[in-house]
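Coordinate inspection notes
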Amino acid sequence: MTTAAPTPLTLAWLNDAPAEAALAALDGLYEHSPWIAEAALRQRPFTSLAQLKHAMVRVVREAGREAQLALVRAHPELAGKAAVAGTLTAESTGEQARAGLNHCSPEEFALVQRLNAEYGARFGWPFVLAVRGPRGEGLHRREILATLQRRLQGHPEIELVECLRNIDRIAEIRLNDKFGAAPILGNPVWDWAEQLAVHTDPGYGERGELTVTYLTDAHRACAAQLQAWMRDCGFDEVRLDAVGNVVGLYLGSDPSARRLLTGSHYDTVRNGGKYDGRLGILVPMACVRELHRAGRRLPFGLEVVGFAEEEGQRYKATFLGSGALTGHFEPAWLDQQDADGVTMRTAMLAAGLPATLEAIAAEARDAARYLGFVEVHIEQGPVLAELDLPLGVVSSINGSVRYLGEVVGVASHAGTTPMDRRRDAATAVAELALYVEQRAAAAPHLVGTVGMLEVPNGSINVVPGRCRFSIDIRSTTNEVRDAMAADVRERLAAICERRGLAYRLEETVRAAAAPSDAAWQRRWEAAVAATGLPVHRLPSGAGHDAMKLHEVMPQAMLFVRGENAGISHNPLESTTADDMQLAVEAFLHLLGTLSQDTP
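We now turn to the structure provided with this report. (Residues numbered from 1 in each chain as written. Predicted model: local features only at pLDDT ≥ 70, side-chain atom pairs only at ≥ 80, totals over all residues. Heavy atoms only, no water.)

1. Examining the pattern of salt bridges
For the structure shown, the criterion picks out 46 salt bridges. The shortest N-O distance in the salt bridge between Asp578 and Arg169 comes to 2.7 Å. Note that Asp578 is positioned in helix H22 (residues 577-597) and Arg169 in helix H10 (residues 156-179), a separation of 409 residues in sequence. Pair check on accessibility: Asp578 and Arg169 agree, each one buried. Connected via shared salt-bridge partners are Arg58, Arg61, Glu62, Asp168 and Asp388. (Salt bridge = Lys/Arg side-chain N within 4 Å of Asp/Glu carboxyl O. Helix = DSSP H or I, 4+ residues; strand = E, 2+ residues; numbered from the N terminus. Buried < 20%, exposed > 50% of the residue type's maximum accessible area, 1.4 Å probe, protein only.)

Here it is as structure tokens:
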């Protein structure tokens, strides 16, 4: 057997090569730290590049703090003295040049030097960023400077983890280069998400913010773009339905066969991210494109729906799009008005939709015609990022209950009212908020949030006489959720009685938990395992369109890791083309195994 490494590398060669030759072939992945690849290679053989990447990531995470700090400190400052002196590794030289850091203006260079010095003084290690970015083609130096300025304000422990995550991303891109591997299925998904994000509501685009609410011009432009892409991908039928859902159908080998339903929403929260919802439309679109290119038909139809409204931002009509498919469209929604007084009926008519209950009711699906519903979604949380896993299988979508409340006391002078004679509404709600936190922390898979606190007409020298608040309780089971809700209501009553206060509490939302269908969850688990990654199951704390489809057919979800500690509903929401690649591969695997199971 030859020990000469091929170009590009192959897993077959790497698995069989002598340890010294294999280690030499992986040289340069981690800056001046060959011990990582050396430890990972002890886990050979690898069945996939993703498995090799994950093995190296785990070596870093299990190495201990001192080794991790040494690894971070082995990295050079961006556009720092080593870059000026030309003493960077070949890999770092190429990456910094690709980002244009060797073409900084004098002002930019001075800013980088100042920020580098501030960062080093604050944290004790250099700022590390994967400058080739989520698509692997390079961030602009403006993005790099903005990220450096933002992360300079971070907590040291969080920032260390962020540096390690970026180091892993750098190694992932370098490994792709060595293997001549590119996320050819993930790149178009990333590109579609970027292109769709150019459409945003008035008043937001001017600030560089993404906001797409129901049936605005931006929303309609997104719908038109999705339809065009679906036709390009090879869908047999593409249409806009009666509520604005974009529906694409890829027929099975038997056009009358049952269908697999999938999709997610394309509306956004205000100043949101590019992937929430949209990833669940774009990933199956990429799958259809691959099937069409291969001339392959499945023994079932694949129906992809871009749901028009999930967030409930313009109208109080959460899950409007998916609700129409389950036959749960609320007639009263048509008469709701937005902030400008425009009714939903008027907005529908302006968008060319029929705006009749008859047309909307006709969109309800016959569940007997469907195999089930699956949804791909960005996680919107930190779990997968903390576990260094690109994909996770959802075990259940949390049930939720929400309240709006107000405590009423007596507004009085802050200087003349003794502490034992106050009827302070705000401190009562503060006491309740701490109880919500403690009660939720006492049980697994239970969360409680007091997200809104307001003292109407509050003043610095007045004891608060009123305090308005919200409560959001979520759990994987309705029983656990309801038990906490009962305890919170009881505690609120006790607090107010003890303090001599009045209160009101109104339940505004109640959504049942949606456990994943066991058979469909196993299909996602098999799909993740096929990529070579460990299978991790986790509940979804956020609501999804799958919750509505759960009411009429079996459902299961796949989560994709988010960057920036998994933040979502935020412009920093992000994921990489490599993680999107794995999501497409997993979806294609699910379609393949389902084809074998479907007569």
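2. Examining the environment of Ala228
On the secondary structure map, Ala228 appears in helix H12 (residues 217-233). When the C-alpha atoms of Ala228 and Val238 are compared, they prove to be 8.7 Å apart, with 10 residues separating the residues in sequence.

3. Here's the deal with the layout of surface pockets
The volume enclosed by the second largest pocket comes to roughly 950 Å³. Secondary-structure elements contributing two or more residues to the lining of the second largest pocket are helix H9 (141-151), H10 and helix H11 (186-196). Here the lining of the second largest pocket gets 5 residues from one element, more than from any other, and that element is H9. Tallied by class, residues from the lining of the second largest pocket come to 12 nonpolar, 13 polar and 14 charged. (1 Å grid on protein atoms, 1.4 Å probe; cavity = no way out; pocket = protein on both sides within 12 Å on 5 of 7 lines; lining within 4 Å. Points joined across faces, edges and corners; volume = space filled by probe spheres on them. Nonpolar A, V, L, I, M, F, W, Y, C, P; charged D, E, K, R; others polar.)

4. Observations regarding the nonpolar core
A general trend in soluble globular proteins is that nonpolar side chains are found buried together. Within the largest apolar cluster, 80 residues are counted, with the highest numbers of intra-cluster contacts made by Tyr214, Met285, Met348, Trp524 and Leu591. Residue contributions to this core peak at 10 residues, all from H22. Leaving out residues up to four positions away in the same chain, Trp524 has contacts with Val374, Val376, Val393, Ala556, Met557, Leu558, Ala586, Phe587 and Leu590. Counting 55 residues, the second largest nonpolar core, distinct from the first, contains Val57, Val59, Cys104 and Leu115. (Core = buried A, V, L, I, M, F, W, Y, C linked by side-chain atoms within 4.5 Å. Contact = heavy atoms within 4.5 Å.)

5. Side note on empty space enclosed by the protein
Over the atoms, a rolled probe matching the size of one water molecule traces out where space is still vacant. This model, assessed by the stated rule, comprises 2 cavities of 30 Å³ or more. As a volume, the largest cavity reaches approximately 140 Å³. Lining the largest cavity are 15 residues, and of these Leu78, Ser92, Glu95, Leu129 and Ile170 lie nearest its centre. Of all the elements in the fold, those that place two or more residues in the lining of the largest cavity are helix H7 (90-98) and H10. In this structure, the second largest cavity encloses a volume near 40 Å³. Lining the second largest cavity are Leu78, Leu101, Val112, Asn116, Phe127, Ile144, Leu145 and Leu148. Elements represented by at least two residues in the lining of the second largest cavity include exactly helix H8 (106-123) and H9. If you tally residues by element for the lining of the second largest cavity, the top one is H9, at 3 residues.

6. With respect to the side chain of His219
With respect to the helices and strands, His219 occurs in helix H12. Among the polar contacts made by the side chain of His219, one reaches the main-chain carbonyl oxygen of Ala308 at a distance of 2.6 Å. When residues no more than four places from it in sequence are discounted, the contact partners of His219 are Val212, Thr213, Tyr214, Tyr266, Asp267 and Ala308. (Polar contact = N/O pair within 3.5 Å; in protein donor to acceptor, adjacent residues only side chain to side chain.)

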